[in-house]
Amino acid sequence: MKAPMKIVRTKMVELNCGNFGAYKYKLAKGGSAIRLVDLETQEVYSFTKDKRSGRPVAYGPSAKFKNLDYMPLYEEAVLKLKSVKFGSRGIVKNDTTDSCGNITVGNAVDLGTGEQITTDIESDLEVMGDAHDTPDYDFIISEYGIGGKIQRASVNRLNRELIQSIPKNRAILDLVNQKGVTSSEVAFNLFFKHIGRLERNIQEQDARAILEALNIDYGRNILKELIVQIRKFKARRK
């Protein structure tokens, strides 16, 4: 029997505004999205946030959102999901999504302006799969795990190796100097390059999924120490 598909998402929380639940899930290309679920009809409404305006961007045909008083629901969902942790969970199924829980019809629409946004919905709302059962994850654990688990000693070792590699890596130093590139993104690039030397066939998307899985297992960001050091590098170079 085929194992049920998993995605990296939070548990569902119940909203006070209407008969709705909500959960947040990781996107394969980075970031996250919020999905509102009508608990009576099982209709779903997916949203990301416009980085420039801060307004929610809805995915699906615009007519679907016409009679939905979405803003109170979205704002409550953002507030209630703020501190809810991600985990490897099953898909919340409904009739309007594919086997991965993705909306596959219609266009994205900025609900603040009503403007249609041309986008590849299947790509933009691609859910990040659970990386725990992949050979790449097992490979990283074999290199840095203790007793088959990611623990403080192995996390410290990984961060130490990555920090020591910064001055020797011209591409990473260039990223540090670039405006608009966050310390977290620089840290991921270091992580990706590092494990790419260990496992040459790994793809960026898989590396992101593995990092998320490691963070879930460890209980916090395993690259936290590295990110702090990158911020110091950035501050010294201003």
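Above this text is the structure in question.
Here's what I pulled together on the structure shown here.

Thresholds, definitions, all that
- Just so you know, the residues in each chain are numbered from 1, in the order the chain's sequence is written.
- Local features in this predicted model are restricted to residues whose pLDDT is 70 or higher, and side-chain atom pairs enter the listing and the counts only when it is 80 or higher, whereas totals over whole chains, interfaces and linings include all residues.
- Hydrogens and water are ignored here; the side-chain numbers use all heavy atoms of the structure.
- Secondary structure follows DSSP: runs of H or I at least 4 residues long count as helices, runs of E at least 2 residues long count as strands, and numbering of each begins at the N terminus.
- Buried means the residue's accessible area, taken with a 1.4 Å probe over protein chains only, is under 20% of the maximum for its type, while exposed means over 50%, and partly exposed covers the values in between.
- Contacts: residue pairs with any heavy atoms within 4.5 Å of one another.
- To measure how exposed things are, a 1.4 Å probe is used in the Shrake-Rupley method; for residues, cover is taken only from the protein chains shown.
- A helix is expected to span 1.5 Å multiplied by its residue count minus one.
- The term nonpolar core refers to a set of buried residues drawn from Ala, Val, Leu, Ile, Met, Phe, Trp, Tyr and Cys, joined through side-chain atoms within 4.5 Å.

**With respect to the overall build of the protein chain**
- Across its full length, the protein chain carries 8 helices and 9 strands.
- Taking all 238 residues of the protein chain together, the buried fraction comes to 45%.
- For the protein chain, the share of sequence-separated contacts (at least 6 apart) that also reach a separation of at least 24 residues comes to 59%.
- Summed over all atoms, the accessible surface of the protein chain reaches about 13,300 Å², with 48% contributed by carbon and sulfur.

**Topic: helix α6 (residues 183-198)**
- Here α6 spans 23 Å end to end across 16 residues, near enough to the 22 Å set by a 1.5 Å rise per residue.
- Along α6, the residues that are buried comprise Ser183, Val186, Ala187, Phe188, Leu190, Phe191, His194 and Ile195.
- Its buried side turned inward, α6 meets α3 (135-144), α4 (152-165), α5 (170-177), α7 (204-218) and α8 (224-236).

**Thoughts on the nonpolar core**
- One finds Phe191, Leu214, Leu223 and Leu226 to be the most contacted residues of the largest nonpolar core, which totals 38 residues.
- Elements with a minimum of two residues in this core: α3, α4, α5, α6, α7 and α8.
- No other element matches the 7 residues that α7 contributes to this core.
- With near-sequence residues (within four places) excluded, Leu214 lies in contact with Tyr137, Ile140, Ile141, Ile150, Phe191 and Ile222.

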